[in-house]
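# Architecture at a glance
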Amino acid sequence: MPRPAPGPAPAPTAVPAVRGSSTALTGYAIQSAAQVHDTAAAVSTPGYPTPGWHRAGPRSTVLAALVADGTHPDPFFSTNQQRIARGEFAAAWWFRGDFTLTDTRARSSLDFSGVISAADVYVNGRRIASADAVAGAYTRHELDITSLVRAGTNTVAFLIRPNDPRKHLTIGWLDWLQPPPDANTGIVRDVLVRRRGPASLHDTHVLTRLAVPSLDSAELTVKARVRNDSEEPTTVGVTAAIGDGTNSGDDRTVLRQDVTLRPHEVRTLTFTPAAHPQLRLHRPRVWWPAGMGPQNLYGITLTATVAGSPSDAVRHTFGIRDVKAPLNSAGARQYVVNGRPLLIRGAGWSADELLRWDTAEVEDRLRQVVDAGLNTVRLEGHIEPDEFFGLTDRYGILTLPGWECCNKWEGQVNPTGTGEKWGAADRATARASMAAEAARLRNHPSVLSFLIGSDYPPDAATERDYLEALRAADWPTPVIPAASAATTPLSGPSGMRMTGPYDWVPPAYWYDKREGGATGFNSETSAGPSIPTLDTLRRTLSPAELETLWKNPSAPQYHRSPSPHFSTLKLYDDALAHRYGNPRSLADYVAKAQLAQYENVRAQFEAYARNATDATAPSTGVVYWMFNSGWTSLHWQLVDRYLDLGGAYYGAKKANEPLHIQYSYDDRTVTVINRRPAAASGLTARVTLFDTHGGTRYDRTVRGLRVGADGARNTALTIPAGAGGPEATHLARLVLTDGAGQEISRNVYWLSARPDALDYEAGDWYHTPTTAYADLTGLASLPQATVTATAHTTRHGATATTTVTLRNTSTHNTPALMTDVHLVDGHDSPVLPVRWSDNQISLWPGEHTVITATYRTADLHGAPPRLRISGWNTPRTELPRRGHRAGAPR
């Protein structure tokens with residue numbers, strides 16, 4: 001194993017004497033146990049020398065630390081990861097951290113979860129827990145170390161066993177990225193040192209009961225377990241202060257109870273509305289999902305005092321909302337939040353492949369979830385740390401956490417998976433995992449449900465264990481037995497299905513109410529591959545790999561998937577070539593991919609939106625698989641590793657507009673969807689069809705449209721068959737305006753007189769074969785269009801907004817199809833992340849639009865903002881110009 005140059009060990013973590021405080025260890029020195037020949041007692045004693053050890057952050061896998069210190073190159077580029085020898089991760093690894101205390105009079109404990117896969121735990125030379133007890137990524141452990149700590153430096157050391165997701169109830173990756181060679185061995189959540197007095201608080205939470213549908217009142221119940229940790233009978237005063245979540249001290253409700261406990265006695269204390277009328281709220285500030293209302297949060301602080309002195313304190317936020325999920329008449333799960341039904345528009349969320357945590361980066365990604373018009377993310381395992389759910393609470397993003405498929409978690413029930421069968425110790429770990437995650441997640445209003453099974457539901461004994469743990473935690477939202485169509489003895493039908501597809505299908509597929517089409521609740525589905533932008537591809541693949549990408553559809557693609565079903569791009573590339581024409585270059589391949597991904601993702605979300613209000617077998621939820629992949633990928637992503645945005649993302653953003661006009665591939669209807677909380681009226685829809693020469697083939701305007709709220713629809717018209725003219729390829733422009741003539745929604749389709757044809761009988765679990773393809777090759781004959789732009793930038797503190805006006809100034813009839821604007825720095829590198837109000841826009845001659853880009857000023861690194869403008873049939877230009885750079889657009 002390459003050995004880095006000796007570096008300084010992490011500085012000890014200073015732990016204050018404040019009772020009620022919790023302090024996270026700030027980092028570790030780590031080393032393979034195969035390289036360490038001293039005893040565990042010696043390694044875990046303060047002052048033990050660690051020259052040549054690696055430095056790791058407070059949440060780190062082994063490989064994450066070795067990449068950070070340069071031992072291994074970036075595993076996200078090319079096949080670098082493949083060259084990392086797995087043998088160096090076959091032994092256990094030491095994680096060693098120091099902390100300092102100045103006062104040992106308070107009681108001290110270690111509080112942690114996130115150990116992968118299991119660990120012996122030592123403090124100051126003494127083992128305090130064995131790997132038999134500290135097992136599983138999600139189990140939580142609180143270990144009393146009061147008798148072991150001393151004033152000055154103290155040492156905590158974890159001897160962490162290697163992970164194997166087939167054998168341990170931890171974390172695996174299955175088929176959406178190449179699994180890391182260390183299998184994520186490490187500590188991926190904070191290790192806290194807690195300081196308390198003689199009494200401690202545990203299991204604190206707030207139960208809310210909201211009056212639905214009036215929303216004019218709510219009742220709160222506050223619970224906490226109080227423990228006397230002393231050797232004497234003790235009277236504990238417990239105070240609960242509830243405010244608006246801003247810690248401003250304004251509008252606070254303060255409650256108090258006293259309880260006398262025998263030595264080491266534990267008692268549950270409950271503040272009820274009956275005993276404390278202040279817990280009956282009039283006109284409560286209700287928490288809503290994004291797009292439905294504000295994300296109001298409350299804060300609660302519980303304090304325990306003994307003889308007038310602070311002993312412990314706990315603080316967290318909560319939200320008041322009501323979630324129901326009944327089965328509709330077709331047996332599908334229909335979510336209702338605060339009395340209002342909503343279509344779940346979701347996507348699968350992936351943690352970083354090395355399980356690195358970066359709050360700012362995750363917040364950027366979650367902003368993109370909201371910007372794309374999604375309201376939900378599903379976490380199949382890889383359940384993120386506390387900060388993640390704090391962010392989803394703030395942004396109004398619903399979450400569907402649950403256990404993952406196909407490895408040890410489904411070892412008992414999945415005949416096609418790789419997981420080993422469970423023993424008694426595994427069952428205990430699973431129960432403890434469920435109890436810990438239920439207690440951790442229950443206060444977050446963004447948590448919509450917990451899925452106790454993924455591809456397969458748990459067996460009867462495990463289901464009972466899970467449900468008992470959830471009940472004991474006062475779990476407040478529906479529990480789903482599986483993400484697939486399954487029925488269990490205790491939970492009943494799941495109301496969900498997992499019918500795919502997972503590889504390419506044409507846009508028309510989504511409108512048919514069979515397989516993955518728009519009916520019921522599809523918990524994971526998409527048309528598979530998602531080729532990122534050319535900028536991202538060049539940061540991901542070597543020049544040789546880039547050549548193979550567009551020239552050889554049958555070649556295995558390391559950055560697609562380790563699964564033999566998804567190892568190549570052949571299904572996708574064949575469809576691209578048949579529908580758009582054979583690629584002529586890498587740039588041409590990427591341009592065609594962006595069009596294909598835009599039309600397909602848009603159709604998926606539009607079909608589910610249109611069918612959501614059907615009288616029979618309506619669609620109730622769709623989870624695009626996936627939002628992000630967790631590494632540099634060609635597979636299953638709306639957003640790439642670097643937060644760049646391409647056709648897949650903008651297709652979702654277009655489809656999920658709050659007030660939206662759309663075309664249906666199955667029956668040629670044009671429909672208006674209104675997701676706003678209020679009805680819309682006085683709308684005008686105009687539909688125009690063009691041939692590829694710019695000639696108008698059909699033009700109709702419908703005025704006086706009204707659409708109800710919360711996902712209601714109104715069909716404006718049906719386009720006659722053949723209206724696009726005799727050519728195989730034509731364009732459809734749909735424009736929705738309000739009563740003042742202001743454009744609200746613009747949607748442009750490229751359509752074929754020859755439809756895609758599907759062979760459902762020959763389908764399998766991951767796709768339905770296409771036997772005939774739509775002909776969109778006419779797009780290649782679109783003449784070049786001229787797009788001009790003007791821009792100005794304003795700055796507001798750390799952020800800037802660039803406002804861009806785009807105009808199609810062509811002198812002929814040619815539309816500028818899919819005009820893309822990228823903000824770039826002085827080296828032509830994208831400035832990321834950027835939030836565009838709209839992008840990949842199609843304009844006809846004489847038309848213009850105004851779009852904005854919002855970004856962090858610091859991401860320009862001192863350079864002035866520049867714009868790179870390109871499109872399907874628009875030469876690439878830059879603004880400000882450094883000299884006109886024109887040429888073939890793809």
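## Some words on the overall build of the protein
From N to C terminus, the protein includes eleven helices and 51 strands. Its C-alpha atoms give the protein a radius of gyration of 29 Å, near enough to 29 Å, the size a compact globule of 890 residues would have. Dimensions of the protein, computed from C-alpha atoms along their principal axes, come out at roughly 90 × 65 × 55 Å. For the protein, the residues scored as buried account for 62% of the 890 residues in total.

## Let's talk about unusual backbone geometry
Both trends apply: most residues other than glycine have a negative phi, and most peptide bonds are in trans. The omega torsion of the bond from valine 212 to proline 213 falls at 10°, within 30 degrees of zero and hence cis. Take proline 213: it is sitting in the loop between strand S15 (199–210) and strand S16 (217–228). Residue proline 833 follows leucine 832 across a cis peptide bond; omega there is -5°. By the secondary structure assignment, proline 833 is in the loop between strand S46 (816–824) and strand S47 (835–836). Positive phi, close to 75°, is recorded for cysteine 406, a residue that is not glycine. The phi torsion at glutamate 515 lies on the positive side, around 50°, for a residue other than glycine. Tracing the chain through its elements places glutamate 515 in the loop between strand S32 (492–493) and strand S33 (520–525). A residue is classified by how much of its surface remains accessible, and glutamate 515, at 37% relative accessible area, is partly exposed.

## A few points about the packing of aromatic side chains
What the rule picks out here adds up to 36 aromatic pairs. Between tyrosine 558 and tryptophan 631, the ring centres sit 5.8 Å apart and the planes meet at 75°, which makes this aromatic pair edge-to-face. You can see tyrosine 558 sitting in the loop between helix H8 (543–551) and helix H9 (570–580) and its partner tryptophan 631 sitting in the loop between strand S34 (619–624) and helix H11 (647–655), a full 73 residues away along the chain. Judged by its relative accessible area of 15%, tyrosine 558 is buried. Relative to tyrosine 665, the ring of tyrosine 663 lies with its centre 5.6 Å away and its plane at 70°, an arrangement referred to as edge-to-face. Relative accessible area serves as the criterion here: at 18%, tyrosine 665 is assigned to the buried category. Each residue in the set Tyr138, Trp403, Trp409, Phe450, Tyr466 and Trp475 is aromatic and connected to the rest through ring pairs, giving one cluster. Here the guanidinium or amino end of arginine 539 rests over the ring plane of tyrosine 642, the centre of that ring lying 3.6 Å away. Over the ring of tryptophan 750 we find arginine 602, and its NZ or CZ is 5.4 Å from the ring centre.

## Looking at the confidence of the model for the protein
Taken as a whole, the protein shows an average pLDDT of 95; of its residues, 97% reach a score of 70 or greater. Within the model, the stretch residues 883–890 combines pLDDT values under 50 with 22 contacts to residues more than four positions away or in other chains.

## Remarks on the state of the cysteines
Enumeration over the complete set of coordinates arrives at one disulfide. Here cysteine 405 is linked by a disulfide to cysteine 406, with a sulfur-sulfur distance of 2.3 Å. Taking the sign of the S-S torsion, about -90° here, the bridge from cysteine 405 to cysteine 406 comes out left-handed. For the pair shown, cysteine 405 and cysteine 406 are each scored as buried.

## Some remarks on the layout of surface pockets
Roughly 790 Å³ of volume is contained in the second largest pocket. Taken together, 38 residues make up the lining of the second largest pocket; nearest its centre are Arg345, Asn656, Glu657, Pro658 and Arg675. Secondary structure elements with two or more residues in the lining of the second largest pocket: helix H3 (359–371), helix H10 (586–610), S34 and H11. Looking at the lining of the second largest pocket element by element, the count peaks at three residues for H11. Of the residues belonging to the lining of the second largest pocket, the class tally is 17 nonpolar, eleven polar and ten charged.

## Observations regarding H10
Compared with the 36 Å implied by 1.5 Å per residue over 25 residues, the 36 Å span of H10 between its first and last C-alpha is a close match. The buried fraction of H10 is high, at 24 of 25 residues.

## Some points on the sheet that holds strand S13 (residues 186–187)
Read from one edge to the other, the open sheet built from three strands follows the order S5-S13-S8, with strand pairing classed as antiparallel. Each edge of the open sheet carries a strand with a single partner, namely strand S5 (60–61) and strand S8 (115–116). Pairing between S5 and S13: two bridges, direction antiparallel. Of the residues in S13, the one forming a bridge with serine 60 is isoleucine 187.

## As for the environment of leucine 734
Tracing the sequence through the fold places leucine 734 in strand S40 (residues 729–737). Relative accessible area serves as the criterion here: at 0%, leucine 734 is assigned to the buried category. For leucine 734, the contacting residues outside a window of four places in its chain are Ile661, Gln662, Tyr663, Val670, Arg686, Val687, Ser745, Arg746, Asn747 and Tyr749.

## Topic: the pairing of strand S12 (residues 152–160)
A regular strand places its side chains on the two faces of the sheet in alternate fashion. The buried count for S12 comes to seven of nine residues, which makes it a mostly enclosed element. Judged from the nine bridges that link them, strand S6 (residues 93–101) and S12 form a sheet pairing that is antiparallel. For tryptophan 94, the partnering residue across the bridge sits in S12 and is leucine 159. Note that strand S9 (residues 119–123) and S12 share five bridges and pair antiparallel. The residue bridging alanine 119 from the neighbouring strand is isoleucine 160, located in S12.

## Details of the side chain of aspartate 111
Looking at the secondary structure, you find aspartate 111 in strand S7 (residues 107–112). Engagement of the side chain of aspartate 111 in a polar contact is seen with the side chain of arginine 140, the distance being 2.5 Å. The contact partners of aspartate 111, leaving out residues within four places of it in the chain, are Arg140, His141, Glu142, Asp190, Val191, Leu192 and Arg194.

## Side note on the environment of proline 263
By the secondary structure assignment, proline 263 is in the loop between strand S18 (253–261) and strand S19 (266–271). Judged by its relative accessible area of 35%, proline 263 falls in the partly exposed class. In sequence terms proline 263 and threonine 477 are 214 residues apart; their C-alpha atoms lie 36 Å from each other. When near neighbours in sequence (up to four residues on either side) are disregarded, proline 263 contacts Asn228, Ser230, Glu231, Glu232 and Pro233.

## Some thoughts on the pattern of salt bridges
Scanning the entire structure with this criterion turns up 63 salt bridges. With a closest N to O distance of 2.8 Å, aspartate 164 and arginine 166 form a salt bridge. Arginine 166 gets classed as partly exposed once you look at its relative accessible area, which sits at 42%. By sharing partners, the salt bridges in this structure join Glu363, Asp364, Arg367, Arg394, Arg856 and Asp859 into a single network.

Each value, and the rule that gives it
Residues numbered from 1 in each chain as written. Predicted model: local features only at pLDDT ≥ 70, side-chain atom pairs only at ≥ 80, totals over all residues. Heavy atoms only, no water. Helix = DSSP H or I, 4+ residues; strand = E, 2+ residues; numbered from the N terminus. Rg over C-alpha atoms; globule rule 2.2 N^0.38 Å. Buried < 20%, exposed > 50% of the residue type's maximum accessible area, 1.4 Å probe, protein only. Phe/Tyr/Trp six-rings, centres within 6.5 Å; stacked < 30°, edge-to-face > 60°. Lys NZ or Arg CZ within 6 Å of the ring centre and 35° of its normal. pLDDT = per-residue confidence, 0-100. Contact = heavy atoms within 4.5 Å. Disulfide = S-S within 2.5 Å. 1 Å grid on protein atoms, 1.4 Å probe; cavity = no way out; pocket = protein on both sides within 12 Å on 5 of 7 lines; lining within 4 Å. Points joined across faces, edges and corners; volume = space filled by probe spheres on them. Nonpolar A, V, L, I, M, F, W, Y, C, P; charged D, E, K, R; others polar. Expected span 1.5 Å × (residues − 1). Pairing = 2+ DSSP bridges. Polar contact = N/O pair within 3.5 Å; in protein donor to acceptor, adjacent residues only side chain to side chain. Salt bridge = Lys/Arg side-chain N within 4 Å of Asp/Glu carboxyl O.

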